[in-house]
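Topology and contacts: notes
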Amino acid sequence: PYLAGVGLGLVLLTSFVVMGRGLGASGAFSTTVAWILSAFAPEYVESNGFLGPYLGDGSAHPLKTWLVFEVIGLFIGAALSGLLAGRTTLIIEKGPRASRGARLSLAFGGGMLMAIGADLARGCTSGQALTGGALLNAGSWAFMICVFAGAYAMAYFVRKEWA
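Residues numbered from 1 in each chain as written. Predicted model: local features only at pLDDT ≥ 70, side-chain atom pairs only at ≥ 80, totals over all residues. Heavy atoms only, no water.

Our focus in this paragraph is the confidence of the model for the protein. The predicted model of the protein averages 85 in pLDDT, with 96% of residues at 70 or higher. Put simply, helix α4 (residues 52-55) is where the protein has its lowest mean pLDDT, 80, and helix α1 (residues 2-19) is where it has its highest, 91. (pLDDT = per-residue confidence, 0-100. Helix = DSSP H or I, 4+ residues; strand = E, 2+ residues; numbered from the N terminus.)

Set out below in structure tokens:
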């Protein structure tokens, strides 16, 4: 984990030096959602306080956005890493007493809570914790404290699923 931490720090530093921006992912999904919705309801997206800014001047396309390429690269890199290391398999990891349905429901629910939290925090874990934390943003540090506190508090309620 220490080597991975140093590697992640070097990736973040390289991102700042080469792209002039830090890491993040939620903006890529928000940009894509705004672009797709604008094809069906452009007036709604333009008037929406959250989605509107992602369209910029109206000519925004997800493939013109740095974060979209970052997320695409993330998926490609993860897939290549797994394939080259022989670690790719389709499996649902769960505790011995948890059903597949319960595990998938908990994972989906947790993902939805994280998406809502990323929206409220104005950034995902990578954008807030890594980029904001590296810039010593007080809000980013508060975000990470809340993420860890929330995870520890929630662990009490779901621990029996893994016993």
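Read on, since the account is not over.
Attention now moves to the side chain of T31. One can find T31 in helix α2 (residues 26-40). Owing to a relative accessible area of 6%, T31 belongs among the buried residues under this scheme. The contact partners of T31, leaving out residues within four places of it in the chain, are Y54, P62 and T65. (Buried < 20%, exposed > 50% of the residue type's maximum accessible area, 1.4 Å probe, protein only. Contact = heavy atoms within 4.5 Å.)

Before going further, it helps to spend a moment on the nonpolar core. Of all hydrophobic cores here, the largest spans seven residues; its members are A25, A28, L67, V68, V71, A118 and C124. Per-element tally for this core: the top contributor is helix α5 (residues 66-84), with three residues. (Core = buried A, V, L, I, M, F, W, Y, C linked by side-chain atoms within 4.5 Å.)

The next thing to look at is a nonpolar patch on the surface. On the surface, a cluster of nonpolar side chains totalling about 590 Å² of accessible area is made up of V6, L10, L13, V17, V18 and M19. Checked against the element boundaries, V17 lands in helix α1. Taking relative accessible area as the criterion, V17 reaches 63% and is therefore assigned exposed. (Patch = residues over 30% accessible without salt bridge, like charges linked within 9 Å, V, L, I, M, F, W, Y side chains within 5 Å. Areas by Shrake-Rupley, 256 points an atom, 1.4 Å probe, with all protein chains shown as cover. Salt bridge = Lys/Arg side-chain N within 4 Å of Asp/Glu carboxyl O.)

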